[in-house]
Amino acid sequence: MKTLVCLGDSITDADRIFSSDGLGHGYVRLLAEKLTAAGETWQIINRGVDGFTVSRLLENVQHDCCRKNPDIITILIGINDIGLMLNTGRTPLQQEAAFQKFQSTYCQLLDNIRSQSTAPIYLMEPFIFPWPQQYAAWIPYVEHMSQIIENIGREYQTAYLHLQADLNQLAAKNGYSSITPDGIHLTTEGHRYLAEKLFNQIK
């Protein structure tokens, strides 16, 4: 049996503590269902935590990931770092320093994992939607963070999953409410897209 560990914030968490098997009600559960339907035998471990930043992820990675002896690891993190950056009255210089800290911490996270595991790591692009409109101002910051993560992926030779463009296309086709309830989190349809994306990568 192979083990897949999913790390992240509330999007990964998806109320996992309220589900009997700890998978939550989002893409992690849908991915587990797809793998099972394909005849795969996996232990799926959801270690998303509501409110997590990359620093909190680093603090907990030993317990939440490395000790699980994973065969595959997924990471979706960053939107709470953006929220802290924009909601604490930081100057542009302080914001840039926060981006640099995010980058160094993300690299520390991967270094920590790589020192104990050879498991493939899938880095996932953070995303935001201008619905409600207040989040339109977040878009340039999320794009900058996404570029940082993509560059880290190249440096560490890990897979990087682009998500924002496809989610935008789905929103353009079916409306934002079909993808997100609040501009940050995902509906069942949004989670289904993430599960399909990961399933295709893993297969």
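Per chain, the residues get numbers from 1 upward, laid out in the order the sequence is written. Owing to the predicted nature of the model, reporting of local features is limited to residues with pLDDT of at least 70; listing and counting of side-chain atom pairs is limited to 80 or more, with chain, interface and lining totals taken over all residues. To get the side-chain values, all heavy atoms of the structure are used, and hydrogens and water are removed first.

Participant: Hey, could you go over the overall build of the protein for me, with residue numbers and the actual values?
Facilitator: Each helix and strand counted, the protein has eight helices and five strands in total. Its helices and strands taken in sequence order, the protein reads β-α-α-β-α-β-α-α-β-α-β-α-α from the N to the C terminus. The atom set for the radius of gyration is the C-alpha atoms, and the globule formula is 2.2 Å times the number of residues raised to the power 0.38. A globule of 203 residues ought to have a C-alpha radius of gyration of about 17 Å, and the protein, at 16 Å, matches this closely. Between two residues, a contact is recorded if the distance between any of their heavy atoms is within 4.5 Å. A separation threshold of at least 6 residues defines the contact pool for the protein, and within that pool the share at least 24 residues apart is 76%. Secondary structure is summarised from DSSP: a helix means a run of H or I of at least four residues, a strand means a run of E of at least two, and numbering begins at the N terminus for each.

Participant: Describe empty space enclosed by the protein, with residues and values.
Facilitator: Using protein atoms alone on a 1 Å grid, points that fit a 1.4 Å probe yet trap it form a cavity, whereas open point sets bounded by protein on both sides within 12 Å along at least five of seven lines form a pocket; residues with an atom within 4 Å of a point count as lining. Grid points are joined across faces, edges and corners, and a volume is the space filled by probe spheres set on the points. Here the structure, examined in full by the defined rule, presents one cavity of 30 Å³ or more. The space that makes up the largest cavity amounts to roughly 40 Å³. Taken together, D9, I11, L76, I77, G78, I79, P126 and F127 make up the full set of residues lining the largest cavity. Just so you know the grouping, Ala, Val, Leu, Ile, Met, Phe, Trp, Tyr, Cys and Pro go in nonpolar, Asp, Glu, Lys and Arg go in charged, and all remaining residues, Gly too, go in polar. Counted by class, the lining of the largest cavity contains six nonpolar, one polar and one charged residues.

Participant: Help me get a handle on the environment of H25, residues and values and all.
Facilitator: If you trace the backbone, H25 turns up in the loop between helix 1 (10-13) and helix 2 (27-37). With 32 residues separating them along the chain, H25 and L57 place their C-alpha atoms 21 Å apart. Once residues within four sequence positions are removed from consideration, H25 is found in contact with A14, D15, F18 and S19.

Participant: I'd like a rundown of the side chain of D81, residues and numbers included.
Facilitator: Looking at where D81 falls in the secondary structure, it is placed in helix 4 (residues 79-86). Throughout this description, buried means an accessible area under 20% of the type-specific maximum (1.4 Å probe, protein chains only), exposed means over 50%, and partly exposed covers the range between. In summary, the charge assignment counts Lys and Arg as positive and Asp and Glu as negative, without counting His or the chain termini. Salt bridges are defined as contacts in which a side-chain nitrogen from Lys or Arg sits within 4 Å of a carboxyl oxygen from Asp or Glu. Buried and unpaired, D81 has no salt bridge, with R90 as the nearest side chain of opposite charge at 8.1 Å. A 3.5 Å cut-off defines polar contacts: any pair of N or O atoms within that distance qualifies, except that in protein one atom must be a possible hydrogen donor and the other a possible acceptor, and neighbouring residues in sequence count only when both atoms are side-chain atoms. Separated by 3.2 Å, the side chain of D81 and the backbone nitrogen of V54 make a polar contact. In this structure D81 touches T53, V54, F102 and M145, once residues within four positions along its chain are discounted.

Participant: An account of the sheet that holds strand 4 (residues 121-124) is needed here, citing residue identities and associated values.
Facilitator: Two strands pair under a simple rule: DSSP has to find at least two bridges between them. Overall, parallel pairing links the five strands, which are arranged 2-1-3-4-5 in an open sheet. A strand with exactly one partner marks an edge of an open sheet, and here the two such strands are strand 2 (42-48) and strand 5 (159-161). Ignoring strand direction, the axes of neighbouring strands in this sheet form an average angle of 20°. Taken together, the three bridges between strand 3 (residues 72-76) and strand 4 define a ladder with parallel strand orientation. Residue pairing in the sheet places T74 in a bridge with Y122 of strand 4. Interaxial angle, 0 to 180 degrees, is taken between N-to-C directions of lines fitted to C-alpha atoms, where a helix line uses only the stretch in contact. Where helix 2 meets the sheet, its contacts fall on strand 1 (2-8), strand 2, strand 3 and strand 4, and the angle it forms with strand 2 comes to roughly 175°.

Participant: Hey, could you go over helix 8 (residues 188-202) for me, with residue numbers and the actual values?
Facilitator: In an α-helix, one turn spans 3.6 residues, which is why side chains three or four residues apart end up on the same side. A helix's residues, less one, multiplied by 1.5 Å, set its expected span. Compared with an ideal rise of 1.5 Å per residue, which puts 15 residues at 21 Å, helix 8 spans 21 Å between its outermost C-alpha atoms and is within 8% of the ideal. Restricting attention to buried positions, one finds in helix 8 the residues G190, H191, Y193, L194, A195, L198, F199 and I202.

Participant: Mind laying out the packing of aromatic side chains, listing which residues take part and the relevant values?
Facilitator: What counts as a ring pair is set by centres within 6.5 Å for rings of Phe, Tyr and Trp (its six-membered ring), and what kind of pair is set by the plane angle: stacked under 30 degrees, edge-to-face over 60, tilted for all other angles. Under the counting rule described, the total for this entry stands at five aromatic pairs. Connected via pairs of aromatic rings, a cluster forms that spans F127, F129 and Y176. A cation sits over an aromatic face here: K34 above F199, 4.9 Å from the ring centre. Geometrically, a lysine NZ or arginine CZ counts as sitting over a ring once it is within 6 Å of the ring centre and also within 35 degrees of the ring normal.

Participant: Describe the state of the cysteines, listing the residues and the values that go with them.
Facilitator: Here, the word disulfide means a covalent bond between the sulfur atoms of two cysteines. Criterion for a disulfide: a pair of cysteine sulfur atoms at a distance within 2.5 Å. Enumeration over the complete set of coordinates arrives at zero disulfides. You can see C107 has no disulfide; the closest cysteine sulfur is in C66, sitting 16 Å from it.

Participant: Residue-level account of the layout of surface pockets, with values.
Facilitator: The volume enclosed by the largest pocket comes to roughly 260 Å³. Forming the walls of the largest pocket are 15 residues, and the residues nearest its centre are S10, D13, A14, D15 and H185. Put simply, the parts of the chain that give the lining of the largest pocket at least two residues each are helix 1 and helix 8. Here the lining of the largest pocket gets three residues from one element, more than from any other, and that element is helix 1. Considered class by class, the residues forming the lining of the largest pocket number five nonpolar, seven polar and three charged. In this structure, the second largest pocket encloses a volume near 180 Å³.

Geometry only, nothing functional implied.
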